[in-house]
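Take a look at the letters that make up each chain.
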Amino acid sequence: MPETALQNLASPLTSFTEDEILFRDNVRQFAEEKVRPLAKEMDEKGVFDHALIGQFFQLGLMAIEVPEQYGGAGGKFFEAILAVEELSRADASAGVVVDVQNTLVNNALLRWATGDQKKRYLPKMAVDTVGAYALREAGSG
């Protein structure tokens, strides 16, 4: 590929916008202050602290890509990845909760739900409803 063509490619993912840096840093601070202190106890008890889920909703972390018209943050997929990464630094299970909600449940609704289904479910997913995502493989039971 000619050098000029390479120069026209998008910047690498290691180059963040100012908004992405601010978002990442805010999630990192939250994870360090609120999630990390609970991680050991949650792990030992095998129970996720439900108060954290409420805080995830308050911070908009459970509906990052959901459009504002449905009560979401109207953000980008990359922001969801930043949130998952920062939460997972403090506690992997916290990262998984936010990951499944954003990249599996909300994403499926955004891609494949009808307009009526989006109006019915996305506002709930943005405010107080944790989704579930079930997978099944043929021949596995």
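As a reminder, the structure under discussion sits directly above these lines.
Residues numbered from 1 in each chain as written. Predicted model: local features only at pLDDT ≥ 70, side-chain atom pairs only at ≥ 80, totals over all residues. Heavy atoms only, no water.

Draft legend 1. Seen up close, the packing of aromatic side chains. Summed over all chains, the structure comprises three aromatic pairs. By way of ring pairs, the aromatic residues F30, F48 and F56 are connected into one cluster. (Phe/Tyr/Trp six-rings, centres within 6.5 Å; stacked < 30°, edge-to-face > 60°.)

Draft legend 2. Spotlight on the side chain of E20. In this structure, E20 sits in helix α2 (residues 18–45). The buried charged residue E20 lacks any salt bridge partner; its closest oppositely charged side chain belongs to K76, at an N-O distance of 5.0 Å. A polar contact of 2.9 Å, which involves the side chain of E20, links it to the backbone nitrogen of T17. Excluding its chain neighbours within four sequence positions, the residues that come into contact with E20 are S15, F78 and L82. (Helix = DSSP H or I, 4+ residues; strand = E, 2+ residues; numbered from the N terminus. Buried < 20%, exposed > 50% of the residue type's maximum accessible area, 1.4 Å probe, protein only. Lys, Arg positive; Asp, Glu negative; His and termini not counted. Salt bridge = Lys/Arg side-chain N within 4 Å of Asp/Glu carboxyl O. Polar contact = N/O pair within 3.5 Å; in protein donor to acceptor, adjacent residues only side chain to side chain. Contact = heavy atoms within 4.5 Å.)

Draft legend 3. Summary view of the pattern of salt bridges. Counted under the stated rule, the structure contains seven salt bridges. Between R89 and E32 there is a salt bridge whose closest N-O contact spans 4.0 Å. Taken as a pair, R89 in helix α4 (residues 77–90) and E32 in helix α2 lie far apart in primary sequence, 57 residues in all. Salt-bridge contacts for E41 lead to K45; the nearest nitrogen and oxygen are separated by 2.8 Å. Residue E41 and its partner K45 are both found in helix α2; the two are separated by four residues, about one turn of the helix. Since its relative accessible area comes to 41%, E41 is described here as partly exposed. Look at the salt bridges and you will find they share partners, linking R28, E32, R36, E86 and R89 into a network.

Draft legend 4. Representation of the nonpolar core in the model. Formed by 21 residues in total, the largest nonpolar core has its most connected members in V35, F48, L52, F56, L61, L87 and V98. Counting residues per element, the ones that place at least two in this core are α2, α3 (50–58), α4 and α5 (92–112). Contacts of F56, omitting those with residues within four sequence positions, involve F30, V35, F48, L61, M62, L87, A94, V97 and V98. Counting residues in hydrophobic clusters, the runner-up holds nine residues, among them V66, V105, L109 and A126. (Core = buried A, V, L, I, M, F, W, Y, C linked by side-chain atoms within 4.5 Å.)

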